Protein chains: 2
Amino acid sequence: VSTAAVFTTNKFCAPPVQASRERMKSSGGKIVGVIVNSGNANAGTGEEGRRVAEAMCDAAAEAIGCSTEQILVCSTGLIGKTMPLDIILAGTPKLAKKLSRNGGADAAQGIMTTDKITKTALVEEDGFTVGGIAKGCGMISPNMATMLAFITTDAEVEPEQLQKLLTEAVDDSFNALEVDGATSTNDTVVMMASGRRGPADPAKLEQAIRKVCSALALQIARDAEGGSKVVTVRVTGAANDAEAKVAARRISRNPLVKCSWRGGDPYWGRILSEAGASGIAFEPEKSALAYGGVTVSRGGIEITHDKEKVARHMEADEIELELSLGLGSGTGHILSVDLGPGYIRENSRTS
Amino acid sequence: VSTAAVFTTNKFCAPPVQASRERMKSSGGKIVGVIVNSGNANAGTGEEGRRVAEAMCDAAAEAIGCSTEQILVCSTGLIGKTMPLDIILAGTPKLAKKLSRNGGADAAQGIMTTDKITKTALVEEDGFTVGGIAKGCGMISPNMATMLAFITTDAEVEPEQLQKLLTEAVDDSFNALEVDGATSTNDTVVMMASGRRGPADPAKLEQAIRKVCSALALQIARDAEGGSKVVTVRVTGAANDAEAKVAARRISRNPLVKCSWRGGDPYWGRILSEAGASGIAFEPEKSALAYGGVTVSRGGIEITHDKEKVARHMEADEIELELSLGLGSGTGHILSVDLGPGYIRENSRTS
């Protein structure tokens, strides 16, 4: 089956990522299945971890009757713990017998770790369907995070084209998420196209893949550990798109800013301070900052504005910030979350 | 008086920083006094803020009888609030009358904002003394933070030499602090040398300045908002010093890592994951990580170690981490703090 995949950029990437990356190359993007476990990331496990990842592929291949090179493997959970391979080897044949066209919801539940809700998305178009499941709620930042997503379509697409579509969609969705500045060891997005219903309209297919990725990314943001609000930070008027994204990322990552979102406090000075510290071209006197469409500061100082309207906007579950830099036509956005005590509770002990 | 100063690198720097920076240039590093207020940062206040900063210098100059060009001004507190200049103008002549050789402790208290303790340091050597006061407990990260420090010596030093000594000392102390990844709009370190006791041994003077800066930086880390532990993150064996500091900074800034310190959890996988995501040259198989001198992981995997000893070390107020990369001779360190619920309480509302 035509398959595309995007993996973490972390140099301390987990053995299952290494094994899957190699299989994508050796199979030429023709994969039959993915074996996934949650609870143990099989990361920081060295050569033994690599043998475990290979053994998981072998077991899945044997159970469904294909070559081990046609299987990808994903693990999510704690880092640095030995994987209990015997449990996985014993369970895999049983799981294979339960494979079903209707198993999507079970799979979405099976890959959860500290997730509170399952994450699924579906786009149906004339002639084809794109569906996906994902997990992830912490350790989430640029270039993939502790998140896994599996997307399928019945459209016919060649691996190379599928990879291009997926990479672009991931960049604007999963890679525009910012929970806590951490780029995980295990992040993986896999997309498989069965081709059962023949070729699809390319533009419509691209749109459908983007919609599914964005919907899953939004669900991950909503489920962020300790978070209570999803915040879209949009930067416009930057010297170029890359600088816009750098500023949006820096603003989204700062704990002082995240705390002010928690408290519903439109503390615009912190936003401008982060933009000023981000290293991009920035002239305060040309800037303007709006919360929910209400401009709060212009030229680097506060301007008269409807404070009640801003306060109401800050109370909502989803907040919109737009920082206009007035320098060029570069734009970029990041989907972020606030910082609450639950994050600390969740992450101060792992055992 | 020979004076050196280091200011924030933030492009959204506050009007008092702009005014002080210009005065350092126009006076050729010959300054007579510094006027400081706390509670209002006079940042995000635009041209009006600049007039306020100048007026503060004018008032101080008149009160002590010097030129306004010989006065620096520092403000710390909330961003984006109009400074109540009338209060400052009314108070300045009264303050000038209270100037005293014994006023250091009062000054240390006067510059506090959310600080819980005053921060002072003193080094006495044969022939000269270096003393300092500082404030700061949040919004603290590279290249100066919401922190002010004022250091004096009775040694004789030319402004140019003093600037060199101060810049180097600041780089290894205040600029190696990491509380929350925020580079403030107002950070300033000023050092003044009266020359009253003549020239000092250059090496001893350098050492004394470094000691005072490091002592003040440590006090700031101990007083960090919501923090309960001071953590020294040392990276050795990097390709070069710059890469060592990048990795130490990235590790120190990550909230997942900070939470694990909070919980006393030696979660080494998160440390390696941050090193792997920092963009520097990193080969997990050559790395080793020690907590309090006990090596916990080597070659990217956990090794047998004295877990009780590590647990005891993690319970202390001060934790030492050393990540050895095994690639070169580059070293760097960052002084960081853990992340606790108090940080969120302190920063979720500003008004």
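Rules of the game
- Residues numbered from 1 in each chain as written.
- Chains lettered and ligands numbered in written order.
- Predicted model: local features only at pLDDT ≥ 70, side-chain atom pairs only at ≥ 80, totals over all residues.
- Heavy atoms only, no water.
- Helix = DSSP H or I, 4+ residues; strand = E, 2+ residues; numbered from the N terminus.
- Rg over C-alpha atoms; globule rule 2.2 N^0.38 Å.
- Areas by Shrake-Rupley, 256 points an atom, 1.4 Å probe, with all protein chains shown as cover.
- Lys, Arg positive; Asp, Glu negative; His and termini not counted.
- Charge placed at Lys NZ, Arg CZ, Asp CG, Glu CD.
- Phe/Tyr/Trp six-rings, centres within 6.5 Å; stacked < 30°, edge-to-face > 60°.
- Buried < 20%, exposed > 50% of the residue type's maximum accessible area, 1.4 Å probe, protein only.
- Axes fitted to C-alpha atoms, helices over the stretch in contact; angles between N-to-C directions.
- Parallel < 35°, antiparallel > 145°, perpendicular 65-115°, else oblique.
- Left-handed = near helix turned anticlockwise from the far one by under 90°.
- Contact = heavy atoms within 4.5 Å.
- Expected span 1.5 Å × (residues − 1).
- Polar contact = N/O pair within 3.5 Å; in protein donor to acceptor, adjacent residues only side chain to side chain.
- Salt bridge = Lys/Arg side-chain N within 4 Å of Asp/Glu carboxyl O.
- Core = buried A, V, L, I, M, F, W, Y, C linked by side-chain atoms within 4.5 Å.
- Pairing = 2+ DSSP bridges.
- Disulfide = S-S within 2.5 Å.

Help me out: how do you make sense of the overall build of chain A in this one?
When you go through chain A residue by residue, the secondary structure sums to eleven helices and 14 strands. Taking 351 residues into account, the globule formula puts the C-alpha radius of gyration at 20 Å, and chain A, at 21 Å, falls close to it. Seen through its C-alpha atoms, chain A measures out along the principal axes to roughly 70 × 50 × 30 Å. Of the roughly 13,900 Å² that chain A leaves accessible, carbon and sulfur atoms contribute 50%. Counting 38 positive and 43 negative side-chain charges, chain A places the centres of these two groups 3 Å from one another.

Quick question: what am I supposed to make of the packing of aromatic side chains here?
Aromatic ring pairs are defined here through the distance separating the ring centres and the angle between the ring planes. Under the definition given, this model contains two aromatic pairs over all chains. A centroid spacing of 6.5 Å and a plane angle of 75° characterise the contact between A:Phe12 and B:Phe282, whose relative ring orientation is edge-to-face. Here the residue A:Phe12 occupies a position in the loop between β1 (2-7) and α1 (15-26), and B:Phe282 occupies one in the loop between α9 (268-277) and β10 (288-291), the pair thus bridging two chains. Since its relative accessible area comes to 4%, A:Phe12 is described here as buried. A relative accessible area of 6% places B:Phe282 in the buried class.

Before we go on, may I ask you to explain the packing of helix α5 (residues 159-172) of chain A against helix α6 (residues 202-222) of chain A in this structure?
Packed helices, taken two at a time, are described by their axes: the angle between them and the distance between them. All names here are of chain A. The N-to-C vectors of α5 and α6 enclose an angle of 40°; their axes lie 9 Å apart at closest approach. Considering the angle they form, α5 stands oblique to α6. Crossing angle aside, the handedness with which α5 passes α6 is right-handed. The residues of α6 that touch α5, namely those facing Leu165, Leu166, Glu168, Ala169 and Asp172, are Leu205, Glu206, Ile209, Arg210 and Cys213.

How should I be thinking about helix α7 (residues 241-253) of chain B in this particular structure?
Helical geometry: 3.6 residues make up each α-helical turn, so side chains three or four residues apart lie on a common side. All names here are of chain B. Taking 1.5 Å of rise per residue, 13 residues should cover 18 Å, and α7 covers 18 Å from first to last C-alpha, within 8% of that figure. Here α7 has its buried residues at Ala244, Ala247, Ala248, Arg249, Arg250, Ile251 and Ser252. Elements that come into contact with the buried residues of α7 comprise β7 (177-178), β9 (230-238), α8 (255-262), α9, β13 (318-324) and β14 (330-337). Where α7 starts, the residue carrying a side-chain oxygen 3.2 Å from the main-chain nitrogen of Ala242 turns out to be Asn240.

Could you clarify how one ought to interpret the pattern of salt bridges in this entry?
Pairing between side chains of opposite charge can happen when their charged atoms approach one another. Per the stated rule, a full pass over the model turns up 32 salt bridges over all chains. A salt bridge links B:Lys116 to B:Asp223, with the nearest nitrogen and oxygen atoms 3.4 Å apart. Placement of the pair is B:Lys116 in the loop between α4 (104-110) and β4 (119-125) and B:Asp223 in the loop between α6 (202-222) and β9, with a sequence separation of 107 residues. Relative accessible area serves as the criterion here: at 59%, B:Lys116 is assigned to the exposed category. Across the pair B:Asp338 and B:Arg262 runs a salt bridge, and its minimum N-O distance is 3.5 Å. Of the two residues, B:Asp338 sits in the loop between β14 and α11 (341-347) while B:Arg262 sits in helix α8, which places them 76 residues apart along the sequence. The class for B:Asp338 is buried, based on a relative accessible area of 3%. One connected set of salt bridges, linked through shared partners, spans A:Glu22, A:Arg23, A:Arg50 and A:Glu54.

When you look at the side chain of A:Arg23 in this model, what are you seeing that I'm missing?
Residue and element names in this part refer to chain A. Mapping Arg23 onto the fold places it in helix α1. Take Arg23: its relative accessible area is 3%, and that puts it in the buried class. In this view, Arg23 contacts Ile31, Glu54, Cys57, Asp58, Thr68, Glu69, Ile71 and Leu72; residues no more than four positions away in its chain are not counted.

It is not clear to me how the nonpolar core should be interpreted in this structure. Could you clarify?
Note that soluble globular proteins tend to have their nonpolar side chains buried in a common cluster. Of all hydrophobic cores here, the largest spans 36 residues; its most connected members are B:Val130, B:Ile151, B:Leu166, B:Phe174, B:Val189, B:Leu205 and B:Ile209. Taken together, the elements giving at least two residues each to this core come down to β1 (2-7), β4, β5 (128-135), β6 (148-153), α5 (159-172), β8 (188-193), α6 and β14 of chain B. In terms of residue count, α6(B) provides more of this core than any other element does, nine residues in total. Other than its neighbours up to four places away in sequence, B:Ile209 contacts B:Val130, B:Leu165, B:Ala169 and B:Met191. Counting 35 residues, the second-largest nonpolar core is a separate cluster that includes A:Ala149, A:Leu216, A:Ile220 and A:Ala224.

What's the story with the sheet that holds strand β4 (residues 119-125) of chain A in this structure? I'm lost.
Think of a sheet as strands paired side by side through backbone hydrogen bonds, with each pair either parallel or antiparallel. Residues and elements named next belong to chain A. The strand order across the open sheet formed by five strands is β1-β8-β6-β5-β4, and the pairing between neighbours is mixed. On the outer flanks of this sheet lie β1 and β4, each paired with one strand and no other. For this sheet the average axis-to-axis angle between neighbouring strands, irrespective of direction, equals 10°. Here strand β6 (residues 148-153) pairs with strand β8 (residues 188-193) via six bridges, running parallel. Looking at β8, one finds that Leu148 is bridged to Thr188. With respect to the sheet, α1 is in contact with β1 and β8, its orientation differing from that of β1 by roughly 140°. In the packing of α6 onto the sheet, contacts are made with β4, β5 (128-135), β6 and β8, and the angle to β5 comes to roughly 25°.

Which parts of the structure should I look at to understand the sheet that holds β6(B)?
All names here are of chain B. Within the open sheet, the five strands sit side by side as β1-β8-β6-β5-β4. Their pairing is mixed. Looking at the sheet topology across the chains shown, the edges are occupied by β1 and β4. Averaged over neighbouring strand pairs, the angle between their axes works out to 10° when direction is ignored. Contacts from helix α1 (residues 15-26) reach β1 and β8 within the one sheet, and its direction differs from that of β1 by about 140°. Running at roughly 25° to β5, α6 makes contact with β4, β5, β6 and β8 of the sheet.

Sorry if this is basic, but what is going on with the state of the cysteines here?
Two cysteines, two sulfur atoms, one covalent bond between them: this is a disulfide. With the rule as written, the count across this model stands at zero disulfides over all chains. Here B:Cys57 is not disulfide-linked; the sulfur of B:Cys74 is the nearest cysteine sulfur, at 9.2 Å.

How do you make sense of the pairing of strand β11 (residues 294-298) of chain A when you look at a structure like this?
Each regular strand shows side chains that alternate between the opposite faces of the sheet. Residue and element names in this part refer to chain A. Where strand β10 (residues 288-291) lies against β11, four bridges are found, and the strand directions are antiparallel. Within β11, the residue paired with Ala290 across the bridge is Thr295. Linking β10 to β11, which pair antiparallel, is a turn of two residues; within it Gly292 sits at a positive phi near 55°. Sheet topology note: the β11/strand β12 (residues 301-302) ladder contains two bridges and is antiparallel. Within the sheet, the bridge partner assigned to Ser297 lies in β12 and is Glu302. Between the end of β11 and the start of β12, which pair antiparallel, lie two residues, with Gly299 showing a positive phi angle near 65°.

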